[in-house]
Amino acid sequence: MPEPTANVAVVYYSATGTIFTLANAIRAGAADAGAEVRLRRVMETAPAQAVARNSVWADHISATGHIPVATHEDLLWADAIVFGTPSRFGNVAAQLKAFMDTLSGLWHQDLLADKVYSGFTSTASRHGGQESTLLALYNSAYHFGGIIVPPGYKNHVIDGPGNPYGTGHVTGEDGSIAVGEESWTAARAQGRRVAETAAALKAGFAAKAE
């Protein structure tokens, strides 16, 4: 009998592209582990005037319009959910939080429980709140009854600028530092770890049900 493979939903908010790039690395890592992966963005809620004043922001929204918008069905389908958000004053971006705030109905029915959860983020500066953002993000997973799978320091792929709570990238104050090999490798390793853990849990639950 073949080993179960995990369904992984990568649900993210990205204004200028950094989180989108990391989301693709997470997706690639999960796919490496044999997972079926859905890459999903959440809706932009910022005023159109604010977006228009930043050409990088506006261009990114235009360039990623083909990415499907996250739905509740995507979360129900998933065995593992990886949330991505830039840090906003050490907290989750309002756009992702708005989507998460719609999940009460699923939570009330225990439909978000027993899934794997993980997260990734970015900041302008090295001490700009990556860890607090991920800890805040994981508060929701606790309430869902989820199983949090951080990268930790396994295989030491995030030694240096990384952190054990989830992949993080520092963009620089002007946003000029693009995602490089180090951050890409960390994100890909996190995606693989999430998918492998979710597949193992899925197999365990299946065996228990027999």
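Residues numbered from 1 in each chain as written. Predicted model: local features only at pLDDT ≥ 70, side-chain atom pairs only at ≥ 80, totals over all residues. Heavy atoms only, no water.

Some thoughts on the environment of A30
By secondary structure assignment, the location of A30 is in helix 1 (residues 18-32). For A30, a relative accessible area of 0% translates into the label buried. Taking the C-alpha atoms as reference points, A30 and Q190, 160 residues apart in sequence, are found 8.0 Å from one another. Among residues more than four places away in sequence, those in contact with A30 are V8, A35, V37, G191, R192 and A195. (Helix = DSSP H or I, 4+ residues; strand = E, 2+ residues; numbered from the N terminus. Buried < 20%, exposed > 50% of the residue type's maximum accessible area, 1.4 Å probe, protein only. Contact = heavy atoms within 4.5 Å.)

Focus on the nonpolar core
One finds V11, F83, L96 and L103 to be the most contacted residues of the largest nonpolar core, which totals 28 residues. Contributions of two or more residues to this core are made by strand 1 (7-12), helix 2 (48-52), strand 3 (80-88), helix 5 (94-100) and helix 7 (130-144). Looking at which element gives the most residues to this core, the answer is helix 7, with 5 residues. Setting aside anything within four residues of it in sequence, one finds F83 in contact with V11, L96, M100, Y117, S118, G119, F120 and L137. In terms of nonpolar packing, the next biggest core, distinct from the first, is built from 24 residues, A6, Y12, A23 and A198 among them. (Core = buried A, V, L, I, M, F, W, Y, C linked by side-chain atoms within 4.5 Å.)

Focus on unusual backbone geometry
Among all residues except glycine, the phi angle is most often negative; among peptide bonds, the trans geometry is most common. Within the chain, F89 stands out as a residue other than glycine whose phi angle is a positive 55 degrees. Secondary-structure assignment places F89 in the loop between strand 3 and strand 4 (91-92). The exposed category is assigned to F89, whose relative accessible area is 89%.

A look at the side chain of T167
Position of T167 among the secondary structure elements: in the loop between strand 6 (147-148) and strand 7 (168-170). Accessibility expressed as a relative area gives 1% for T167, which makes it buried. Within polar-contact distance, the side chain of T167 engages the side chain of Q190 at 2.7 Å. Excluding residues within four positions of it along the chain, T167 makes contact with L22, G119, F120, T121, P151, S183, A186, A187 and Q190. (Polar contact = N/O pair within 3.5 Å; in protein donor to acceptor, adjacent residues only side chain to side chain.)

Concerning helix 7
For helix 7, spanning 15 residues, the distance from its first C-alpha to its last is 22 Å, which sits close to the expected 21 Å at 1.5 Å a residue. Q130, T133, L134, L137, Y138, A141 and F144 are the residues of helix 7 that are buried. Looking down the long axis of helix 7, one finds its buried residues gathered within 125 degrees of arc, a one-sided arrangement. (Expected span 1.5 Å × (residues − 1). Arc of directions from axis to C-beta.)

Side note on helix 8 (residues 181-209)
The terminal C-alpha atoms of helix 8 lie 42 Å apart, and with 29 residues this matches the ideal 42 Å at 1.5 Å per residue to within 8%. Regarding helix 8, the residues found buried are S183, A186, A187, Q190, G191, V194, A195, A198 and A199. Those residues of helix 8 that are buried are in contact with strand 1, helix 1, strand 3, strand 5 (116-123) and strand 7.

With respect to the packing of aromatic side chains
Taken as a whole, this structure holds 3 aromatic pairs when the rule is applied. Ring plane angle 45 degrees and centroid distance 5.9 Å describe the contact between Y12 and F20, whose orientation is recorded as tilted. This pair shows no difference in class: Y12 is buried, exactly as F20 is. Judged by centre distance (5.7 Å) and plane angle (45 degrees), the ring pair of Y117 and F144 falls under tilted. Here the residue Y117 occupies a position in strand 5, and F144 occupies one in helix 7, the gap between them amounting to 27 residues. Take Y117 and F144: they sit in the same class, and that class is buried. (Phe/Tyr/Trp six-rings, centres within 6.5 Å; stacked < 30°, edge-to-face > 60°.)

Topic: the pairing of strand 1
The buried count for strand 1 comes to 6 of 6 residues, which makes it a mostly enclosed element. Pairing analysis gives 6 bridges linking strand 1 to strand 2 (residues 36-41), with the strands arranged parallel. Within strand 2, the residue paired with A9 across the bridge is R38. For the crossover that starts at strand 1, traverses helix 1 and ends in the parallel strand 2, the hand is right-handed. (Pairing = 2+ DSSP bridges. Right-handed = clockwise from strand over helix to strand, strands pointing away.)

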